[in-house]
Protein chains: 2
Amino acid sequence: MAGSGRIHHRGLARKVVPAEEAAGHIRHGDTVGMSGFTGAGYPKAVPQALARRISDVHAAGDPFRVNVWTGASTAPELDGALAAADGIELRLPYQSDPVSRDKINRGLMEYIDVHLSHVAQMAWEGFLGPLDVAVVEVSGITTDGGLVPSSSVGNNKTWLDRADRVVLEVNSWQSPALDGMHDVYYGTALPPARRPIQLTRPDERIGVPYLRCPEDKVVAVVETDSPDRNSGFAAPDDASRAIAGHVVEFLEHEVARGRVPPELLPLQSGVGNVANAVLAGLGSSSFEGLTAYTEVIQDGMLDLLGTGRMVSASATAFSLSHEGMTRFDAEAQILRERILLRPQEISNHPEVIRRLGVLAMNGLIEADVYGNVNSTHVMGSRIQNGIGGSGDFARNAYISFFTTPSTAKGGAISTIVPMVSHVDHTEHDVAVIVTEQGLADLRGLPPRRRAELLIERCAHPDYRPLLRDYYERALRESPGRHTPHLLAEALSWHTRYLAEGSMLPAG
Amino acid sequence: MAGSGRIHHRGLARKVVPAEEAAGHIRHGDTVGMSGFTGAGYPKAVPQALARRISDVHAAGDPFRVNVWTGASTAPELDGALAAADGIELRLPYQSDPVSRDKINRGLMEYIDVHLSHVAQMAWEGFLGPLDVAVVEVSGITTDGGLVPSSSVGNNKTWLDRADRVVLEVNSWQSPALDGMHDVYYGTALPPARRPIQLTRPDERIGVPYLRCPEDKVVAVVETDSPDRNSGFAAPDDASRAIAGHVVEFLEHEVARGRVPPELLPLQSGVGNVANAVLAGLGSSSFEGLTAYTEVIQDGMLDLLGTGRMVSASATAFSLSHEGMTRFDAEAQILRERILLRPQEISNHPEVIRRLGVLAMNGLIEADVYGNVNSTHVMGSRIQNGIGGSGDFARNAYISFFTTPSTAKGGAISTIVPMVSHVDHTEHDVAVIVTEQGLADLRGLPPRRRAELLIERCAHPDYRPLLRDYYERALRESPGRHTPHLLAEALSWHTRYLAEGSMLPAG
């Protein structure tokens, strides 16, 4: 057993080295699959050691860049450090790091934005090229070499299976209670060998608790004792509380109409302030016996699980604040019975999401009056984070909600626009849009009725007359009246914002 | 047994009435679920009788409109007649009738464009309202009341299950060989009662050959002897043959690289000239043991099945020309062993498409340089047909192809544009784009490299310099360089076409 007491396999314990030495196994031009999902379970030491080495090599005038694949977003120690060192040639499938985002939007770094359920399949399919190295954080290693996953599972199974060389970070900061909370499914395959995924409830186990990796592929083991990102938790603001209120009222209405069972259907909830507010709203509602089939367990969901109002949650990662982490530690023995973490190819699998009938709730950057949603691009060209799992869930959900405050940038941006500047979710996949102004149930409505409802229910009063004016003129002048548009001014709100700093006309 | 010899159930034989009397069961305001998918298996007599009655009622100054749900497109006898009589209030989920399209685009008829796999679920979920009447064509009725489906299955199971009243059309024109070719799955449910669909090969049976319906719900049976639409078959033109050549060469390359098995993976192929040309191209290739998991069996696929180059095909409908129909009749005994028709909720189910690893090939109206695809709207506002099943297949495919000639309207329209005027398939779901100019394999490429490849490989030479000019200026001037765009002119090709009749600048 090595220093941390977390490595119980003798062969792997002998491979413990400093992070600098482990980073030496990564070469210029390599593709590196790293762990990490929403700031949880990412390697903390090796990426920083790699970034230092890259800087040294660059200082000597030589090139050194790698392709970085992960589960989803990581943290400054990984994306931030490597991007700052100009060490990333290509990044996929999701990022949210400011340094990285800036490089991507200046055209200095390549980024492929991928549905999170598609990543493992793409890696196996082969067109992305080989995976040279995996750098995966685990929370322990059993006596027979089983890898106890960390606070996220993400694509770790695939990285360990596909990589030529494996570097493990064993992080003793991670809660020992994680041991046994994972369900790693080893039944995936390439077609035509694929079989049904026999999962019918969020709390069902179909796999094993540990990741596996042939000992001889492990080139280095690094011990760490470092916290996850655990960013601060902001209490819900008025807009978020109003959005939550509309969602809860709508769900109560659906239950009353017999269209959704009293315990609802498994919830999927994106990350952030609005999502936490909706979960808090459910926490003070009359719903009981809730479940979740989602990507991340965040603070709001931990609260529901702690009180027992939510009886089980399946995800691929935690994404907790400092306070959430403290709560998890204090209540770990209860919570570990109610939470399962799975690979993201299962947490986000269309097959399972459709079968379970998930109620999906995701944020957006902007929606247009017909209900097309932009989740990724600011003003059509600047990537914000990425589509993440929102497409996996929205397309296959029983009801697909998108939530947003009706304005951004202090009112200079309307999140309801005539035409979105980029589309990630088409009108076909967007059922309900909610702002603090109200909720528009777009299900079963043709385009013109969608527009009328969205403008009246969701747009901010400052922008509502402008949207009405656009829509009414389009209704008269558009060459087609199925989805009336005036193409010459459909994107004028965006160009006005870019030129004048506001979507509102001057004066 | 009634006149046609196709009704072997005594109770139902006693319900035979003229179409006019059967149409009398449909009332103003009713929602009517009709059979029909790509011009096959739609009711021929009752919709026309209904259209006549609607015209009479309108002539008397009274209102009479119904909501019409189908599988997909039908024919003049259904959509054409009812639209011409101004009898349709709302239509879903797909149409391709010129009269109907004109009414929709003039704002005189409501249309909801739905993923074909979503329709049955939406009907069961309840928010569309009740289904009053089902009008379903069958090809026969067994002694114990089993309904032998016709040349399409579509949503018939759901309509028969959900409707209050059922009208059957028994069409003796349909081939007796259809009996036994269907696989109707009765295992669907609403969540949380949904279970895995245990289908792992296109030729596997998971259901029963006949539809069922309680006898007391059947209010009328009508006998017909009328052909399906069976539109003419155009021999592939040069552009279609060139597209087919690129697709076949690409598939050979993928097989050579070991990324696709030698017998390929199950094919999905849209309808039309290009799709038939691709199938013809496969017919003269070296591929053997092909399979299909698709929506429709069209002429090109019948050829592959007839020669044995394709060993099995699963679909929800036929869509044959006169010649194709003649061939089917002549070779029915062989073909019926190689073809299965299923409900469209199974033929198009994300779960099954993803599992089988379908190679999906669909047409498009336009694609932009980043690979976003518009399948439905001409110049952003006029609906053409609908998204159909293209989204079900493109999102879940192993490789998603979109094919199109590089220009339309005699060169006045480029099908590769700076920004599409409507999005049905986002960059995340589009893997390969093919025109007669060439093939762009966009897999694993970030946006700028997608744009460069698409412009060079797929755009028509008349438009290539204009696209390069847009893209290069966007690269310099766009506020973000992840997906460079100049929003003020992104849709200018469309506005120029609307104003001047061509996307090419004058002079």
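Residues numbered from 1 in each chain as written. Chains lettered and ligands numbered in written order. Predicted model: local features only at pLDDT ≥ 70, side-chain atom pairs only at ≥ 80, totals over all residues. Heavy atoms only, no water.

### A look at the relation of the copies chain B and chain A
Here is step 1 of the chain: Take chain B, turn it by 180°, move it 0.0 Å along the axis, and it overlays chain A with an RMSD of 0.0 Å. Such values leave the two copies arranged in the relation of a two-fold axis. Considering only C-alpha atoms, the part of chain B nearest the rotation axis is E351 of chain B, at 2.1 Å.
Here is step 2 of the chain: Interface overlap between copies: 100% of the residues of chain B at the interface are likewise at the interface in chain A, consistent with a symmetric, same-surface contact. (Least-squares fit on C-alpha atoms with pLDDT ≥ 70 in both. Contact = heavy atoms within 4.5 Å.)

### What about the packing of aromatic side chains?
Residue and element names in this part refer to chain A.
Here is step 1 of the chain: In total, this model carries eight aromatic pairs over all chains according to the counting rule given.
Here is step 2 of the chain: Pairing W69 with W159 gives two aromatic rings, centres 5.6 Å apart and planes at 50°, and the pair type is tilted. Taken together, the residues span a long stretch of sequence, with W69 in strand 2 (residues 66–69) and W159 in helix 7 (residues 156–162) at a distance of 90 residues.
Here is step 3 of the chain: The ring of Y42 has K44 lying over it, and the distance from NZ or CZ to the ring centre is 4.1 Å. (Phe/Tyr/Trp six-rings, centres within 6.5 Å; stacked < 30°, edge-to-face > 60°. Helix = DSSP H or I, 4+ residues; strand = E, 2+ residues; numbered from the N terminus. Lys NZ or Arg CZ within 6 Å of the ring centre and 35° of its normal.)

### A look at the pairing of strand 7 (residues 165–171) of chain A
Residue and element names in this part refer to chain A.
Here is step 1 of the chain: Most of strand 7 is tucked away, with seven of its seven residues classed as buried.
Here is step 2 of the chain: By the alternation rule, side chains of strand 7 split into R165, V167, E169 and N171 and V166, L168 and V170, which are all buried.
Here is step 3 of the chain: Here strand 5 (residues 133–141) runs beside strand 7; their pairing, made up of five bridges, is parallel. Note on strand 7: the bridge partner recorded for V133 is R165.
Here is step 4 of the chain: When strand 7 meets strand 8 (residues 218–224), the two strands line up parallel, connected through six bridges. Across the sheet, E169 pairs through a bridge with V222, a residue of strand 8. (Buried < 20%, exposed > 50% of the residue type's maximum accessible area, 1.4 Å probe, protein only. Pairing = 2+ DSSP bridges.)

### As for the sheet that holds strand 16 (residues 366–368) of chain B
Residues and elements named next belong to chain B.
Here is step 1 of the chain: Across the sheet, three strands lie side by side as 17-16-23; this open sheet has mixed pairing. Looking at which strands have only one partner, the edges of the open sheet turn out to be strand 17 (373–374) and strand 23 (416–417).
Here is step 2 of the chain: Two strands pair when backbone bridges link them, and strand 16 and strand 17 are joined in this way by two bridges, in the antiparallel orientation. Paired with A367 across the bridge in strand 17 is V373.

### Quick notes on the pairing of strand 2 of chain A
Residue and element names in this part refer to chain A.
Here is step 1 of the chain: Side chains of strand 2 alternate between two faces, with V66 and V68 and N67 and W69 buried alike.
Here is step 2 of the chain: Bridging between strand 1 (residues 31–34) and strand 2 involves three bridges; their strand directions are parallel. Counted as the bridge partner of T31 is N67 from strand 2.
Here is step 3 of the chain: With helix 3 (residues 46–59) bridging strand 1 and its parallel neighbour strand 2, the resulting β-α-β unit is right-handed.
Here is step 4 of the chain: Bridge analysis of strand 2 against strand 3 (residues 88–92) gives four bridges, and the strand direction is parallel. When the bridges of strand 3 are listed, V68 appears paired with R91. (Right-handed = clockwise from strand over helix to strand, strands pointing away.)

### Notes on the nonpolar core
Here is step 1 of the chain: With 62 residues, the main nonpolar core has I416, I433 and M503 of chain A together with I416, I433 and M503 of chain B as its most contacted residues.
Here is step 2 of the chain: Dropping the residues within four chain positions of it, I433 of chain A is found in contact with A367, G371, V373, F402, G438, L439, A440, L442, L454 and C458 of chain A. (Core = buried A, V, L, I, M, F, W, Y, C linked by side-chain atoms within 4.5 Å.)

### Section: the interface of chain B and chain A
The extent of an interface is frequently quoted as the accessible surface area lost upon association of the parts.
Here is step 1 of the chain: On the chain A side, the residues contacting the 83 residues of chain B number 83 residues.
Here is step 2 of the chain: With both sides pooled, the region where chain B packs onto chain A buries about 7100 Å², and carbon together with sulfur makes up 55% of that total.
Here is step 3 of the chain: Here chain B and chain A share six salt bridges between them.
Here is step 4 of the chain: Here E110 of chain A and R448 of chain B are joined by a salt bridge, their closest N and O atoms 3.3 Å apart. (Buried area = accessible area lost by both parts, 1.4 Å probe. Salt bridge = Lys/Arg side-chain N within 4 Å of Asp/Glu carboxyl O.)

### Quick notes on the domain arrangement of chain A
Residues and elements named next belong to chain A.
Here is step 1 of the chain: Its domain assignment divides chain A into domain 1 (10–224) and domain 2 (238–461).
Here is step 2 of the chain: Centre-to-centre separation of domain 1 and domain 2, based on C-alpha positions: 27 Å.
Here is step 3 of the chain: Facing the 50 residues of domain 1 at the interface are 46 residues of domain 2.
Here is step 4 of the chain: Carbon and sulfur atoms supply 58% of the area that domain 1 and domain 2 bury against each other, a total of about 3700 Å² over both sides.
Here is step 5 of the chain: Of all residues in domain 1, the largest losses of buried area upon contact with domain 2 belong to M181, I197 and P202, amounting jointly to 20% of the total for that side.
Here is step 6 of the chain: The tally of links between domain 1 and domain 2 comes to two salt bridges. (Domains from an automatic or database assignment.)

### Notes on helix 18 (residues 492–500) of chain B
Here is step 1 of the chain: All of the buried residues in helix 18 of chain B are S492, W493, H494, R496 and Y497 of chain B.
Here is step 2 of the chain: Looking at the residues trailing helix 18 of chain B, positive phi occurs at G501 of chain B, about 85°.

### Overview of the side chain of D368 of chain A
Residues and elements named next belong to chain A.
Here is step 1 of the chain: Within the secondary structure layout, D368 lies in strand 16 (residues 366–368).
Here is step 2 of the chain: There is no salt bridge for the buried D368, and the closest opposite charge comes from R450, which lies 7.4 Å off by N-O distance.
Here is step 3 of the chain: In this structure the side chain of D368 is engaged in a polar contact, spanning 3.4 Å, whose partner is the backbone nitrogen of V420.
Here is step 4 of the chain: If we skip the residues at most four places from it in the chain, D368 touches V417, P418, M419, V420 and L454. (Lys, Arg positive; Asp, Glu negative; His and termini not counted. Polar contact = N/O pair within 3.5 Å; in protein donor to acceptor, adjacent residues only side chain to side chain.)

### With respect to the pattern of salt bridges
All names here are of chain A.
Here is step 1 of the chain: This model, assessed by the stated rule, comprises 60 salt bridges over all chains.
Here is step 2 of the chain: A salt bridge links K157 to D161, with the shortest nitrogen-to-oxygen separation between them at 3.6 Å. Pair noted here: K157 and D161 are both in helix 7, with a separation of four residues, about one helical turn.
Here is step 3 of the chain: By relative accessible area, K157 is classed as buried at 3%.
Here is step 4 of the chain: Residue classification places D161 among the partly exposed positions, given a relative accessible area of 31%.

### Looking at the sheet that holds strand 16 of chain A
Residues and elements named next belong to chain A.
Here is step 1 of the chain: The sheet built from three strands is open, its strands ordered 17-16-23 with mixed pairing. Looking at the sheet topology across the chains shown, the edges are occupied by strand 17 (373–374) and strand 23 (416–417).
Here is step 2 of the chain: Here two bridges tie strand 16 to strand 23, and the two strands are oriented parallel to one another. The residue of strand 23 that forms the bridge with A367 is I416.

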